[in-house]
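Understanding the architecture of this molecule
Residues per chain, in single letters:
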Amino acid sequence: MLSKNNPFATGIGVVCVGFAVGILASVLQKLGNPPNMGICVACFERDIAGALGLHQAAIVRYLRPEIIGLCLGAFLAALLFKEFRPRGGSSPTLRFILGVIGMTGALVFLGCPWRALFRLGGGDLNALTGLAGFAAGIGMATFFFKTGFSLESGKSQPSPAGYVLPLIMVVLLGLRLLYPQVDGAEKSGVLFYSLKGPGASHAPLLASLGIALAIGFLAQRSRFCSMGAFRDFFLFRQTHLLWGVLALLAGVFCANLAFGQFHPGFAGQPVAHDNHLWNFLGMTMSGLAFALAGGCPGRQLFMSGEGDTDAGIFVLGMIVGAALSHNLGLASSGAGPGPNGPVAVAVGMVVLLSIGFFCRRKS
Amino acid sequence: MQTIDVRGLSCPQPVFLVLEAIKAGKDSTLEVRVDNIAAVENITRAAASSGWSVSAAESGEETFLTLAKQ
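Presented here is an overview of the structure given in this document. Predicted model, so just to flag it, every value in this text is computed and none were measured.

Notes on the sheet that holds strand β2 (residues 29-34) of chain B
All names here are of chain B. Reading across from one edge, β1-β2-β4-β3 is the order of the 4 strands in this open sheet, with mixed pairing throughout. The open sheet terminates on both sides in strands that have one partner only, identified here as β1 (2-5) and β3 (52-59). Averaged over all pairs of adjacent strands, the angle between their axes in this sheet comes to 20°, without regard to strand direction. The pairing of β2 with strand β4 (residues 62-69) spans 6 bridges and is antiparallel. Following the sheet pairing, V34 is matched in β4 by T63.

Now the structure itself:
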């Protein structure tokens with residue numbers, strides 16, 4: 001039945017989508033995106049926060065078209081296949097907090113789960129501890145699932161609600177077109193730009209947008225989710241999504257080899273640090289937050305494109321989390337954790353464990 | 001026949017609740033009310049891997065899955 005209706009959601013389909021995402025991420029790096037960053041959802045939402053002036057970290061400000069494309073690609077797929085359905089109301093405030101904390105953990109590690117795979121596929125072995133932490137966080141969440149964790153049911157929402165996040169993306173695209181980067185200027189119209197650092201490295205607009213639209217479309221059809229891959233294996237011993245994640249890793253590895261972008265090692269990796277403890281703990285916090293929220297950052301963007309307002313709230317939480325991370329000294333740099341990063345992880349873990357514990361159904 | 005209502009629930013709860021009912025072994029037929037296509041796909045996949053057959057009937061935005069032990 002599945003293969004007839006939606007070939008992308010079959011085992012082979014999700015493997016093909018994962019492999020394609022890996023290759024396209026590497027292509028984006030070849031075209032100008034920062035090394036080992038490909039199409040990192042956390043990094044690029046952080047860059048958007050900077051472009052809008054929500055934080056003042058001068059090296060990570062660029063209104064990334066990739067985020068717009070991922071959401072709108074999923075939106076178009078959902079419309080085309082009649083899967084767009086405005087829904088929400090499942091603990092939105094908690095989901096916002098989960099987005100904030102999930103982003104904070106990702107910026108302690110320096111990347112979302114997708115980027116952990118891009119980093120590993122580019123030879124950055126520090127990603128191994130990040131991925132181990134990510135798996136550990138999801139493993140902790142399975143305890144809560146088995147003991148009745150639920151953010152409770154969402155419901156159908158008024159039609160305009162489902163269009164809010166896709167429309168925000170259209171507005172962002174409009175701003176990007178209206179205020180393109182001016183050589184040597186930190187500001188163009190209302191948008192901030194980086195003159196150096198990762199924010200200054202980007203593929204051409206049309207390539208970024210086009211590739212992200214394609215990935216958003218494919219990922220919506222395949223239900224690709226890096227968190228779900230580990231969660232389903234831990235909870236149900238299902239490997240359906242896990243094969244997709246491994247295919248993503250294989251895709252980015254092969255393409256990086258072909259493009260000469262594979263540089264194995266721990267030290268001196270691009271936009272990364274080699275503090276294993278905080279790489280592990282940062283991603284533990286992210287893994288737990290994403291698992292409790294029901295999707296990795298990419299999947300949340302795709303679901304928001306399908307009209308899921310709870311996922312939209314989570315995305316907004318991530319953008320606010322990025323701004324807070326840089327404004328409050330929580331985000332890491334190549335030198336290691338930020339001054340307040342470890343405290344943020346400790347506080348964040350307490351909040352997440354409390355959410356997990358207190359949101360269990362009595363029955 | 002037990003009816004499981006997973007409408008509006010986030011992943012992984014729909015699959016989790018269905019597999020719990022399958023493991024409990026009280027019923028050889030289950031009806032599941034779903035309003036999310038991804039959950040329909042996930043439940044179908046999980047039930048099939050447990051050796052149960054799945055048939056689907058759509059009604060508006062809702063899908064009624066009938067799961068039967070093989």
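Considerations on the interface of chain B and chain A
Counting residues at the interface gives 18 residues for chain B, matched by 23 residues for chain A. Put simply, the parts of the chain that give the side of chain B that touches chain A at least two residues each are α1 (13-24) and α2 (37-49) of chain B. The biggest single contributor to the side of chain B that touches chain A is α2(B), with 6 residues. For the side of chain B that touches chain A, a count of residues per class yields 10 nonpolar, 4 polar and 4 charged.

Considering the pairing of β2(B)
Residues and elements named next belong to chain B. Because side chains alternate across β2, one face comprises the buried residues L30, V32 and V34, and the other comprises T29, E31 and R33, none of which is buried. Both β1 and β2 contribute to a ladder of 4 bridges, which runs parallel. Within β2, the residue paired with I4 across the bridge is V32. Taking the sense of rotation as the criterion, the β-α-β connection linking β1, α1 and β2 turns out right-handed.

Calculation notes
- Residues numbered from 1 in each chain as written.
- Chains lettered and ligands numbered in written order.
- Predicted model: local features only at pLDDT ≥ 70, side-chain atom pairs only at ≥ 80, totals over all residues.
- Pairing = 2+ DSSP bridges.
- Helix = DSSP H or I, 4+ residues; strand = E, 2+ residues; numbered from the N terminus.
- Axes fitted to C-alpha atoms, helices over the stretch in contact; angles between N-to-C directions.
- Contact = placed C-beta atoms within 7 Å.
- Nonpolar A, V, L, I, M, F, W, Y, C, P; charged D, E, K, R; others polar.
- Buried ≥ 20, exposed ≤ 12 C-beta atoms within 10 Å, placed from the backbone.
- Right-handed = clockwise from strand over helix to strand, strands pointing away.

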